[in-house]
Amino acid sequence: MKLDVKILDARLHGQLPQYATAGSAGLDLRAMLEQPLALEPGQVELIPTGLAIHLEDPGYAALILPRSGLGHKQGLVLGNLVGLIDSDYQGQLMVSAWNRSSQTVQIAPLDRIAQLVIVPVVQASLNIVQEFVASERGAGGYGSTGKQ
Ligand SMILES: O=c1ccn([C@H]2C[C@H](O)[C@@H](COP(=O)(O)OP(=O)(O)OP(=O)(O)O)O2)c(=O)[nH]1
Ligand SMILES: [Mg+2]
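Conventions we followed
Residues numbered from 1 in each chain as written. Chains lettered and ligands numbered in written order. Predicted model: local features only at pLDDT ≥ 70, side-chain atom pairs only at ≥ 80, totals over all residues. Heavy atoms only, no water. UniProt positions renumbered as here; feature names shortened; annotations may be inferred. Helix = DSSP H or I, 4+ residues; strand = E, 2+ residues; numbered from the N terminus. Buried < 20%, exposed > 50% of the residue type's maximum accessible area, 1.4 Å probe, protein only. Contact = heavy atoms within 4.5 Å. Near = heavy atom within 4 Å. Polar contact = N/O pair within 3.5 Å; in protein donor to acceptor, adjacent residues only side chain to side chain. Areas by Shrake-Rupley, 256 points an atom, 1.4 Å probe, with all protein chains shown as cover. Nonpolar A, V, L, I, M, F, W, Y, C, P; charged D, E, K, R; others polar.

### So, the UniProt feature "binding site: substrate" (unreviewed entry) in the protein chain
Thinking step 1. UniProt marks Arg67, Ser68, Gly69, Asn80, Leu84, Ile85 and Asp86 with the feature "binding site: substrate" (unreviewed entry), using the numbering shown here. In sequence the annotated residues extend across 20 residues, and in space they extend as well, their farthest C-alpha pair lying 26.3 Å apart.
Thinking step 2. By the secondary structure assignment, Arg67 is in the loop between β5 (60–66) and α1 (68–74).
Thinking step 3. According to the relative accessible area criterion, Arg67 is partly exposed, its value standing at 23%.
Thinking step 4. Setting aside anything within four residues of it in sequence, one finds Arg67 in contact with Asp28, Arg112, Ile113, Ala114 and Gln115.
Thinking step 5. Within the secondary structure, Ser68 sits in helix α1.
Thinking step 6. Setting aside chain neighbours within four positions, we find Ser68 in contact with Lys73 and Gln115.

Quick look at the structure:
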(Lines give C-alpha, C1' and ligand atoms only; values in the text may rest on other atoms or scores of the structure.)
(Ligands and ions follow the chains in the order given, each with its own letter.)
Protein backbone atom coordinates (compact mmCIF):
# COMPACT_ATOMS: atom_id res chain seq x y z
CA MET A 1 0.00 0.00 0.00
CA LYS A 2 1.00 3.63 -0.41
CA LEU A 3 1.16 5.62 2.81
CA ASP A 4 1.04 9.41 3.15
CA VAL A 5 3.88 10.49 5.45
CA LYS A 6 4.94 13.92 6.69
CA ILE A 7 8.49 14.49 7.79
CA LEU A 8 8.35 16.86 10.77
CA ASP A 9 12.05 16.80 11.65
CA ALA A 10 14.65 17.68 9.01
CA ARG A 11 17.15 15.23 10.52
CA LEU A 12 15.00 12.46 9.05
CA HIS A 13 15.70 13.46 5.45
CA GLY A 14 17.92 10.68 4.16
CA GLN A 15 17.01 8.56 7.21
CA LEU A 16 13.46 7.67 6.27
CA PRO A 17 11.95 4.71 8.07
CA GLN A 18 12.37 1.57 6.06
CA TYR A 19 11.67 -2.12 6.13
CA ALA A 20 15.03 -3.61 7.16
CA THR A 21 14.57 -6.67 4.94
CA ALA A 22 12.19 -7.63 2.16
CA GLY A 23 10.12 -9.64 4.63
CA SER A 24 10.14 -7.20 7.55
CA ALA A 25 6.75 -6.38 9.04
CA GLY A 26 7.81 -3.23 10.85
CA LEU A 27 9.21 0.18 9.99
CA ASP A 28 11.67 1.29 12.64
CA LEU A 29 10.86 4.54 14.44
CA ARG A 30 13.63 6.86 15.62
CA ALA A 31 13.89 8.86 18.83
CA MET A 32 14.00 12.46 17.60
CA LEU A 33 15.56 13.78 20.79
CA GLU A 34 17.48 17.04 21.12
CA GLN A 35 19.97 15.41 23.47
CA PRO A 36 20.75 11.95 24.81
CA LEU A 37 18.25 10.62 27.31
CA ALA A 38 19.12 8.41 30.27
CA LEU A 39 15.90 6.59 31.06
CA GLU A 40 16.05 5.49 34.68
CA PRO A 41 14.51 2.21 35.90
CA GLY A 42 10.73 2.59 35.87
CA GLN A 43 10.86 5.94 34.03
CA VAL A 44 8.55 6.62 31.09
CA GLU A 45 8.94 9.43 28.53
CA LEU A 46 6.91 10.39 25.47
CA ILE A 47 9.40 10.59 22.62
CA PRO A 48 8.65 12.28 19.27
CA THR A 49 9.39 10.34 16.09
CA GLY A 50 9.48 13.29 13.68
CA LEU A 51 6.86 11.56 11.53
CA ALA A 52 3.15 11.86 10.92
CA ILE A 53 1.17 9.37 8.87
CA HIS A 54 -2.37 9.44 7.51
CA LEU A 55 -3.74 5.97 6.88
CA GLU A 56 -7.08 7.49 5.81
CA ASP A 57 -8.78 4.14 5.13
CA PRO A 58 -10.64 2.92 8.29
CA GLY A 59 -9.77 -0.57 7.11
CA TYR A 60 -6.23 -0.01 8.42
CA ALA A 61 -4.58 0.87 11.72
CA ALA A 62 -0.95 1.05 12.73
CA LEU A 63 0.58 -0.46 15.84
CA ILE A 64 3.66 0.83 17.62
CA LEU A 65 5.47 -2.16 19.06
CA PRO A 66 8.74 -2.64 20.94
CA ARG A 67 11.81 -3.85 19.08
CA SER A 68 12.53 -7.34 20.37
CA GLY A 69 16.22 -6.80 21.02
CA LEU A 70 15.70 -3.64 23.07
CA GLY A 71 12.62 -4.99 24.81
CA HIS A 72 14.05 -8.36 25.77
CA LYS A 73 17.68 -7.48 26.43
CA GLN A 74 17.51 -3.90 27.72
CA GLY A 75 13.95 -3.71 29.02
CA LEU A 76 13.03 -0.78 26.78
CA VAL A 77 9.34 -1.32 26.07
CA LEU A 78 6.25 0.88 25.75
CA GLY A 79 4.42 2.63 28.56
CA ASN A 80 1.13 1.84 26.86
CA LEU A 81 2.36 -1.69 25.98
CA VAL A 82 1.12 -1.19 22.40
CA GLY A 83 0.48 2.11 20.63
CA LEU A 84 -2.62 2.14 18.46
CA ILE A 85 -2.64 4.66 15.61
CA ASP A 86 -6.09 5.43 14.26
CA SER A 87 -6.61 5.74 10.51
CA ASP A 88 -7.73 9.35 10.94
CA TYR A 89 -4.82 10.45 13.18
CA GLN A 90 -2.65 13.06 11.51
CA GLY A 91 -0.48 14.22 14.40
CA GLN A 92 3.09 13.28 15.13
CA LEU A 93 3.67 9.62 16.00
CA MET A 94 4.81 9.49 19.61
CA VAL A 95 6.51 6.61 21.39
CA SER A 96 5.87 6.08 25.09
CA ALA A 97 9.28 4.73 26.06
CA TRP A 98 9.28 2.80 29.35
CA ASN A 99 12.33 1.35 31.00
CA ARG A 100 10.89 -1.72 32.71
CA SER A 101 14.38 -2.92 33.74
CA SER A 102 16.48 -2.23 36.83
CA GLN A 103 19.29 -0.60 34.80
CA THR A 104 19.44 2.83 33.17
CA VAL A 105 18.72 2.70 29.42
CA GLN A 106 20.61 5.25 27.29
CA ILE A 107 18.77 6.59 24.25
CA ALA A 108 20.69 8.71 21.76
CA PRO A 109 19.07 11.07 19.26
CA LEU A 110 17.94 9.13 16.15
CA ASP A 111 18.20 5.72 17.83
CA ARG A 112 15.66 3.26 16.47
CA ILE A 113 13.53 2.63 19.55
CA ALA A 114 10.30 1.04 18.34
CA GLN A 115 8.58 -0.18 15.20
CA LEU A 116 5.43 0.60 13.29
CA VAL A 117 3.30 -2.19 11.84
CA ILE A 118 0.30 -1.53 9.61
CA VAL A 119 -2.56 -3.95 10.11
CA PRO A 120 -6.00 -4.49 8.59
CA VAL A 121 -8.95 -3.56 10.79
CA VAL A 122 -12.60 -4.51 10.71
CA GLN A 123 -15.06 -2.03 12.20
CA ALA A 124 -18.04 -3.94 13.57
CA SER A 125 -21.63 -2.80 13.56
CA LEU A 126 -23.13 -4.01 16.84
CA ASN A 127 -26.03 -6.44 16.65
CA ILE A 128 -27.70 -6.66 20.09
CA VAL A 129 -29.04 -10.16 20.90
CA GLN A 130 -30.50 -11.89 23.98
CA GLU A 131 -28.83 -15.24 23.26
CA PHE A 132 -25.85 -16.27 21.14
CA VAL A 133 -25.97 -19.16 18.69
CA ALA A 134 -24.42 -22.01 20.76
CA SER A 135 -20.69 -22.64 20.28
CA GLU A 136 -18.47 -25.57 21.32
CA ARG A 137 -16.59 -23.36 23.83
CA GLY A 138 -19.50 -21.46 25.26
CA ALA A 139 -18.28 -19.31 28.16
CA GLY A 140 -15.28 -21.56 28.94
CA GLY A 141 -11.93 -19.80 29.13
CA TYR A 142 -8.95 -19.18 31.38
CA GLY A 143 -7.39 -22.60 30.78
CA SER A 144 -10.70 -24.50 30.44
CA THR A 145 -9.24 -26.66 27.66
CA GLY A 146 -6.37 -27.87 29.90
CA LYS A 147 -2.60 -27.75 29.36
CA GLN A 148 -2.06 -30.68 27.04
O1 LIG B 1 1.71 5.12 21.22
C2 LIG B 1 0.91 5.91 20.70
C3 LIG B 1 -0.49 5.80 20.86
C4 LIG B 1 -1.31 6.74 20.25
N5 LIG B 1 -0.77 7.72 19.50
C6 LIG B 1 -1.68 8.68 18.82
C7 LIG B 1 -2.31 8.05 17.58
C8 LIG B 1 -3.69 7.68 18.02
O9 LIG B 1 -4.59 7.69 16.94
C10 LIG B 1 -3.98 8.76 19.04
C11 LIG B 1 -5.00 8.36 20.06
O12 LIG B 1 -4.59 7.15 20.64
P13 LIG B 1 -5.60 6.28 21.52
O14 LIG B 1 -6.95 6.25 20.88
O15 LIG B 1 -4.94 5.00 21.82
O16 LIG B 1 -5.61 7.14 22.88
P17 LIG B 1 -6.83 7.72 23.69
O18 LIG B 1 -6.31 7.86 25.06
O19 LIG B 1 -8.06 6.90 23.46
O20 LIG B 1 -6.97 9.17 23.05
P21 LIG B 1 -8.16 9.75 22.13
O22 LIG B 1 -9.23 10.14 23.08
O23 LIG B 1 -7.53 10.92 21.43
O24 LIG B 1 -8.58 8.68 21.16
O25 LIG B 1 -2.73 9.02 19.68
C26 LIG B 1 0.59 7.82 19.32
O27 LIG B 1 1.10 8.71 18.63
N28 LIG B 1 1.39 6.92 19.93
MG1 LIG C 1 -8.92 6.63 21.51
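Read on for the rest.
### A closer look at the site of ligand 1
Thinking step 1. Around ligand 1, the neighbouring residues are Ile64, Asn80, Gly83, Leu84, Ile85, Asp86, Tyr89, Gln92, Leu93 and Met94.
Thinking step 2. Taking Asn80, its side chain carries an N or O atom lying 3.0 Å from an oxygen atom of ligand 1.
Thinking step 3. Within the backbone of Met94, one N or O atom sits 2.8 Å away from a nitrogen atom of ligand 1.
Thinking step 4. Isolated, ligand 1 exposes 570 Å² of accessible area, and the fraction of that covered by the protein chains is 49%.
Thinking step 5. Contributing elements (two or more residues each) for the shell around ligand 1: β7 (83–85) and β8 (92–99).
Thinking step 6. When grouped by side-chain class, the residues that make up the shell around ligand 1 number six nonpolar, three polar and one charged.

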